[in-house]
Amino acid sequence: MEVPVTPDVTIDALGQYCPMPIIMTSKKIKELKLGQVLEVLSDDAGIKKDMPAWCKSTQNEYIGLVEAEGVYRAYVRKTRE
C-alpha cells in the first residue's frame, strides 16, 4: 500500500503499547505547525482504532494508516492549535 502523504515529522513508538503511542502523538503534535503531518510508527494493533478516535476527539485530521510486516504507520495532520 502506498503512503498517503509525506510526513513532516516521524515518531517511533515501536515496542510501546497502549496508551503510549497516543500519548507520544499528543506530545509531538503540540510541537508542529498547523498543516504539518505527523507519522507514527507502531507495532501495537490497537493504533488502528485508537488513532482515529484520538483524532476525532482532538479535531486533528486522521489521514490514514498503512500496515506492512507488522508495523503500522499512522498519519495525522495538525488542524488545530
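Rules and cut-offs
Residues numbered from 1 in each chain as written. Predicted model: local features only at pLDDT ≥ 70, side-chain atom pairs only at ≥ 80, totals over all residues. Heavy atoms only, no water. Buried < 20%, exposed > 50% of the residue type's maximum accessible area, 1.4 Å probe, protein only. Helix = DSSP H or I, 4+ residues; strand = E, 2+ residues; numbered from the N terminus. Pairing = 2+ DSSP bridges. Right-handed = clockwise from strand over helix to strand, strands pointing away. Contact = heavy atoms within 4.5 Å.

1. Looking at the pairing of strand β2 (residues 37–42)
Burial of β2 is extensive: six of the six residues sit out of reach of the surface. Residues V37, E39 and L41 of β2 are buried on one face, and the alternating residues L38, V40 and S42, pointing to the opposite face, are buried as well. The sheet contact formed by strand β1 (residues 9–12) and β2 spans four bridges and is parallel. Each bridged residue has a counterpart across the sheet, and for V9 the counterpart in β2 is L38. You can see the chain leave β1, run along helix α1 (residues 20–29) and come back into β2, and the turn it takes is right-handed. In the sheet, β2 pairs with strand β4 (residues 71–77) via six bridges, with the strands oriented antiparallel.

2. Brief notes about the side chain of D50
With respect to the helices and strands, D50 occurs in helix α2 (residues 47–58). Under the relative-accessibility criterion, D50 is labelled buried at 17%. Setting aside residues no more than four positions away along its own chain, D50 makes contact with C18 and I22.

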